[in-house]
Structure formats: C-alpha cells, structure tokens
2 protein chains.
Amino acid sequence: MSHADRILMGPGPGNPYPEVIEAFGRPVLGHLDPDFIALLDEVNDRLRQVFLTENPLTFPVSATGSAGMEATFVNVLGPGDVVVVGVNGVFGERMCDVASRCGAEVVRVEAEWGTAIDPQALLDAHPSPKVIAVVHAETSTGVRNDIQPIGAGKGDALLLVDCVTSLGGIPLEIDEWGVDLAYSGTQKCLGVPPGLSPVTVSNRAIEGFVEKSQSWYLDFSMIASYVTGGGARAYHHTAPISMIYALHAGLGVVLDEGLENVHARHRACGERLQDGLVKRGFELFAQEGNRLPELTSVIVPLDRLPSGADEAGVRRRLLTEYGIEIGGGLGPVAGQVWRIGCMGHTARERNVTMLLGALDEILG
Amino acid sequence: MSHADRILMGPGPGNPYPEVIEAFGRPVLGHLDPDFIALLDEVNDRLRQVFLTENPLTFPVSATGSAGMEATFVNVLGPGDVVVVGVNGVFGERMCDVASRCGAEVVRVEAEWGTAIDPQALLDAHPSPKVIAVVHAETSTGVRNDIQPIGAGKGDALLLVDCVTSLGGIPLEIDEWGVDLAYSGTQKCLGVPPGLSPVTVSNRAIEGFVEKSQSWYLDFSMIASYVTGGGARAYHHTAPISMIYALHAGLGVVLDEGLENVHARHRACGERLQDGLVKRGFELFAQEGNRLPELTSVIVPLDRLPSGADEAGVRRRLLTEYGIEIGGGLGPVAGQVWRIGCMGHTARERNVTMLLGALDEILG
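Residues numbered from 1 in each chain as written. Chains lettered and ligands numbered in written order. Predicted model: local features only at pLDDT ≥ 70, side-chain atom pairs only at ≥ 80, totals over all residues.

Okay, the overall build of chain A next. In terms of regular secondary structure, chain A is built from 13 helices and 13 strands. The C-alpha extent of chain A, read off along each of the three principal axes, is 60 × 50 × 35 Å. The 364 residues of chain A split such that 60% are buried. Taking the contacts inside chain A whose residues are at least 6 apart along the sequence as the reference set, 71% of them involve residues at least 24 apart. (Helix = DSSP H or I, 4+ residues; strand = E, 2+ residues; numbered from the N terminus. Buried ≥ 20, exposed ≤ 12 C-beta atoms within 10 Å, placed from the backbone. Contact = placed C-beta atoms within 7 Å.)

On the side of chain B, 49 residues touch chain A, which itself brings 49 residues to the contact. Mapped by element, the contributors of at least two residues to the side of chain A that touches chain B are helix H2 (34–51), helix H3 (65–76), helix H4 (90–101) and helix H10 (241–257) of chain A. Partitioned by chemical class, the residues of the side of chain A that touches chain B number 22 nonpolar, 17 polar and ten charged. (Nonpolar A, V, L, I, M, F, W, Y, C, P; charged D, E, K, R; others polar.)

What follows concerns the relation of the copies chain A and chain B. Take chain A, turn it by 180°, move it 0.0 Å along the axis, and it overlays chain B with an RMSD of 0.0 Å. Here the transformation between the copies is reduced to the relation of a two-fold axis. Of the C-alpha atoms belonging to chain A, the one lying closest to the rotation axis is found on A:Ala63, 2.4 Å away. Interface residue correspondence from chain A to chain B reaches 100%, placing this contact among same-surface, isologous pairings. (Least-squares fit on C-alpha atoms with pLDDT ≥ 70 in both.)

As a further point, take helix H3 (residues 65–76) of chain B. Residues and elements named next belong to chain B. Counted at 1.5 Å a residue, the expected span for H3 with its twelve residues is 16 Å, and the 18 Å between its end C-alpha atoms agrees. Burial analysis of H3 places twelve of its twelve residues in the buried class, the great majority of the element. Buried within H3 are the following residues: Gly65, Ser66, Ala67, Gly68, Met69, Glu70, Ala71, Thr72, Phe73, Val74, Asn75 and Val76. (Expected span 1.5 Å × (residues − 1).)

This next bit is on the sheet that holds strand S9 (residues 181–183) of chain B. Residue and element names in this part refer to chain B. Within the open sheet, the seven strands sit side by side as S2-S10-S9-S8-S5-S3-S4. Their pairing is mixed. Since the sheet does not close on itself, it has two edges, and those belong to strand S2 (57–61) and strand S4 (105–110), each with one partner. Adjacent strand axes in the sheet meet at a mean angle of 15° when their direction is disregarded. (Pairing = 2+ DSSP bridges. Axes fitted to C-alpha atoms, helices over the stretch in contact; angles between N-to-C directions.)

Let us now look at the domain arrangement of chain A. All names here are of chain A. Taken domain by domain, chain A holds domain 1 (7–13 + 259–363) and domain 2 (18–257). Contacts between the two partners involve 27 residues from domain 1 and, on the opposite side, 29 residues from domain 2. Mapped by element, the contributors of at least two residues to the side of domain 1 that touches domain 2 are helix H11 (259–279) and strand S11 (295–299). Per-element accounting of the side of domain 1 that touches domain 2 gives the leading share, five residues, to H11. Residues that form the side of domain 1 that touches domain 2 fall into these classes: 13 nonpolar, eleven polar and three charged. (Domains from an automatic or database assignment.)

Turning next to the confidence of the model for chain A. Caution applies to low-pLDDT regions: their predicted coordinates should not be interpreted in detail. Scored by pLDDT, chain A has a mean of 96; 99% of the residues are at 70 or more. Among the prediction metrics, the complex's ipTM stands at 0.97, with pTM recorded as 0.98. (pLDDT = per-residue confidence, 0-100.)

Residues and elements named next belong to chain B. Examined against the element boundaries, Val135 turns out to sit in strand S5 (residues 131–135). What makes Val135 buried here is the crowd of 31 C-beta atoms within 10 Å. In this structure the C-alpha to C-alpha distance between Val135 and Val161, which are 26 residues apart in sequence, comes to 5.5 Å. When sequence neighbours within four positions are dropped, the list of residues in contact with Val135 reads Gly86, Gly89, Phe91, Gly92, Asn145 and Asp162.

Take the pairing of strand S2 (residues 57–61) of chain A next. Consecutive side chains along a regular strand alternate between the two faces of the sheet. Residue and element names in this part refer to chain A. Buried residues dominate S2, accounting for five of its five residues. For S2 and strand S10 (residues 197–201), the ladder comprises five bridges, and the chain directions are antiparallel. Residue pairing in the sheet places Leu57 in a bridge with Val201 of S10.

For the rest of this paragraph, the subject is unusual backbone geometry. Of note, the bond from A:Gly12 into A:Pro13 is cis; its omega dihedral lies within 30 degrees of zero at 5°. By the secondary structure assignment, A:Pro13 is in the loop between strand S1 (7–8) and helix H1 (18–23). We note that B:Leu52 has phi near 55°; this positive angle belongs to a residue other than glycine. Tracing the sequence through the fold places B:Leu52 in the loop between helix H2 (34–51) and S2. A tally of 16 C-beta atoms within 10 Å means that B:Leu52 is categorised as partly exposed.

Where strands meet in a sheet, backbone hydrogen bonds hold them as pairs that are either parallel or antiparallel. Residues and elements named next belong to chain A. Taken together, seven strands build an open sheet; the order of strands is S2-S10-S9-S8-S5-S3-S4 and the sheet is mixed. Two strands lie at the open edges of the sheet, namely S2 and strand S4 (105–110), each paired on one side alone. For this sheet, the mean angle separating the axes of adjacent strands, direction not counted, is 15°. Against the sheet, H2 engages S2, strand S9 (181–183) and S10, with an angle of about 105° to S2.

Here it is in structure tokens:
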C-alpha cells in the first residue's frame, strides 16, 4: 500500500520537521536503559523551555493530546469536586465530558462559537471551585482564549489549560500566568507526528491530587517515580521510545530556531493567510483580536463553490489534485467553516502561497 | 545526544524489524485522510489475522500495552461488578489495581510466582462473575497460563486476557478459545517499538459494555465509530499516525513469514536459550510445561557472580561491554531472577549464541 505525501494544512497533524522523521531511525533502547533515561530527561528539560516553566513534573504522557486532557482531569478531580469549564468549542465540551466521568460537578461558562470566553465570567461562576479549566487555542473555532487574567484571579483554584494547539505556536507562559496543569499535543506547532501529550504540573497541583486517580495508566503519582525519580527509576509502563525520540528532535528544532522566532514564523503565516482570504472576499469566523495565527477558521463561501460541488468536494479536490489537506467544521459549524492550519513545519509562507493559489484555481 | 544500538533481550521492547523502522519514514497523513483510513483498515485486518479472530472491533489503542489493559477493563466493569482475576505475577496484580479503580469487586485467585494459574480455580472462584481476567504470558515470571479451559468453562462470564507478551510469540486463538476481550503490545513479539496496544473485542463483550465508561479516551463505543465506521469516520481523537505505519509494517513482516513460522522461530530461540542455560547449571524459574519460549526467567546464579559483583553489575556489564540488554526481576523476585527475552526481530538464534557466550565470558 502506498500513498502520496501531503501538505498538511488541516487542524493537525501538521507536517513534521525532517529532523523528526530522521529521529525515528535511532536504535530502539529499553525504557530503563540509562541512555534512554538521559534522553527522556533532556526531553523534559526541553519541554520546560517551551512551556516556560520550572515545574519538575513536566513530561510527555504516553498517548495523544486527548489523553493529556484526561490525565490532567483524573489526577485532580474526584466525585463531588467542582470544576468551572469554559465552553466555546469542541474541546471545552470535551472537558465537560471528561470531568463528568470523574464524578465532578461541572459548572459551564459558555461563549458563542467563534468568540472568546470572558475571563471574569469564569472567575465569577463559582465561589470556590477546585479547578478552573479552559482551552487556550480552540482548535474547532480558531479562537484564542485569554489565560493570564484567569491565572491572576484564580484564588485557591487550580488553573487547568488545554495548550494542544497553542504550545510552540503562540506565546504561552505557564509559570508567569499561574497555570497549574497544562497539556499539549505533539502534532500541532511542535512539528512532530501525533502520539504524545506533553504535560506540566505545578507543585500546587500535586498537593491537590486526588488520593487515587481513577486511571492507572494516567496516574501522575505513579508516573512521577519513573519520569522524575532521580537516579533510580521505577517501572510504571513501557515508554513509547521512538515517539520520544521524535519529540526530542522536534523540540530541538524549535529551540534551535528560538521559541520567539518560531512564534514569529507561525504569526507571519497566519497573517499572510488571513489577509489573503479577506482580500479574496472570504469572511473569517473567529472574532477579531482573538484569532489564532496557527489555525484559521473561515466561513465557507457557499456562493462561490464550483457548480455542483459542496464544501467537502472542494476539500476533496484540494486533497486529490494538489495534495493539500485542510479541515472541515466540527459540530454545529460542520459544512459552514473550513479550518486551515499552519503549524510546525507546515508554517512556511510558501505553503500559504500554494493554498491561496489552489483556492483561486478551484473557486475561480 | 547519541547512543549505541542494543540487542534488546529484556522483557520488551525487543528489537524492531528493519522494515518497521523504514515505515516511520512514510509521509504523515491526516487521521481522516482516505488513504490513512485505508491503511488503518488494513492494520485491523492484519490484527484479526494474528489474533485469529473475526471480531469487527479489532484495532490498536492509541497508547502502550498497559492502556490496553485499562481500556478493556473500563469498558466492561463498573461499580459493584464482579471480576475474578488470576494473580501469579506483576501483571495479574496490575489487573486487580485497574479493576478496583473501576469500582469493581475483585476476586483474586492466586498462584505462586513461577507457577501457572489453575483454570478450574478461576472458574470456581465465584458463581456469576461478569468478567474472568487472566494473563496469558506473565512477563514478570515467564509463565504461560492456560486460556482454553477457561474459555470452555466460562459460562456467561466475559473472558478478558492479557496477550501483551503472547501475541505473535506463541499460539493464541481468540475465537477458538472463547476470549471476549484481549489486549497486547507492539514492542514484544510483533517486532514494533512500544506505543500502541492492539485490542480485540467480541460482540458478546460489546453487549456487556457499561453504559458510560469512566474513561473518555479509552471509550470503545466512541472509538468504534472511528475505527469501524464504514465509509464515514467520526473523529474521536487524533490517531498516532506514524506508530500505526510501524505496526502495519510489523504485522506485514509477521504475516509474510507466516504466523506459524514466527511462532516456530520464537520457540526455537527459547528452547536453545533454556537448554543452554540448563547445560551451564542455571536453574529456570518458571515451572516446566508452562515456560514461555519468548521470555525466559532464570534464577540468578549468586554463587557464580564475579567477585565483588552483584546481579545488577552483571547486567550492567552485558549492557556496556556487549550492548546486550537483559531484564532484572520485578517485585518479590527482584535481585533473584533474570528475564531474558527473544521477541520479534530479537528472536534469532545468533542472539542466543551471543548472549550465552557473553555470560560465559563474564561468569567464567
């Protein structure tokens, strides 16, 4: 079975950095091999540099981003605990689902899809929540929610943030903003294939851990003795060795280029794309001032589709004729919105040029 | 950071097949790309061929083997459900932990480490359990537990089997033996790096699913609409694309060689190793008749260690001087047992020759 390569301009995965694919060729080591432990330590150091945190408990969860979400929730929420959740897209909704499966009492604070959550509304929603949870970069809408004011006003609550699509793409300061638990994914702005979920956990959050997490696999207390155990590492589960090589390499690319330069590259691509779309008469979906550069949501120009084609047909032509993937809408905006990512190695201006050109050719 | 390659003769990971590492180089596709869906379908077909099952719900869980364990438990066990668990090593113990975190009532049936579980004792332990759970190949002891008699006598119970170290290494017949839920790992006898957990679920087990699994990430009902959804696949979480390429390639190697031939290769290596150890006066730990060929447990010859060296020192010399990894004992047999794997691409007789030679050189 063979397949062509793609320019991955959907909501993730983006294209991986070439150095990352090369890293998959490194010889597989055992998960207790001193050389592997040293490499994992370096991965965790690099993660601290991109998360901008000193948190000792910073490591890649051995599963994809949604498992990172579940991991952060199940370690701090048990039956009856109150969590305030910001909901303005699929991933805020998912947080509510995950939290309710922990038996937590979920207080929803909603905002219309395409708009940002009001930080004050989150802070005012409950007098003493254990956790306030919000998505930094809503992958379903292309909206950035402001985190800093929530951290400033959180009081005794723990602040839990979804950074799947923000880490490496836009400024994010875990310690400075007072974020207690954050999770991300490898396949977005880090330029690594999907498979791991980098997380970081503050010491305050550790003090707030439930006595026994309902998940064995995601139990941070147990995993900590493997990932932060000093000299002797206790076996918990077998680490996904090759994916960790890939993440190590992706973080290396990001840090070599410089985090601010990588942000600037994502911003330049996003602005170029959004300007190009607006110039062509497209309407952007996300509210101005809170648009993500790395993920652009645009309203499907139904009046400009080629005769007989629906929006999925246009995406299919992009994929089959140009080898370019873009994403459709999710949930209530399915069929109404396209989601166009410029993340990781995809965040090159030439890709924006190519996509705009292809849209011109298809839509006329 | 660089590291040498290793001959991985511990309890897993084993060395991956070269074709598997090559597959990591395939261009990353989106998880909803028709070409990726076709490849995933082929992975699942190949898994059915190695599991020897017709179960439609057969796919790789997007995390390592222990997540496969948790996934099978959380989908069929809720508060108050009774599960009988066979415990004769670390992984049977882990099953009890995972099941208790589901709120299930756990009935333990123990056997001494190094011996096999009595199938009749499992069947007699409770009049009407919802689930009977047992480990096929106990990676902590090198013991094979008999599955077939449990399936024959299970009645209305669901039979849940840990096949992490058995799949691809020794005969395993999911449908013929009446196994309802099974999970494995990629890094053992399939010759793929760690990162995925192939699972298979019978239609009877699907009927027994809890109303809502406590885990969102491992919720089989939701995942099923992505992995077995026919033409239209519902997004659940982003599949770990590159690891799935690797598994696809590993299964291809196994099926090209032929499942019985792969079993024979593992058996030949195990017999050669075990004969070689016995000839040298070593005592095998696992009971005769239930020894795994792919994972040999041997009692550390404390009287033959080089003066001043402990067992860990011997393993360290194997690693640093020969680049050979073998495993130490876990839990109650830590320091007393070595665990030597011949799995996947490691299962070559030349590796047995090398290890026995190295032990001769170190132990004299």
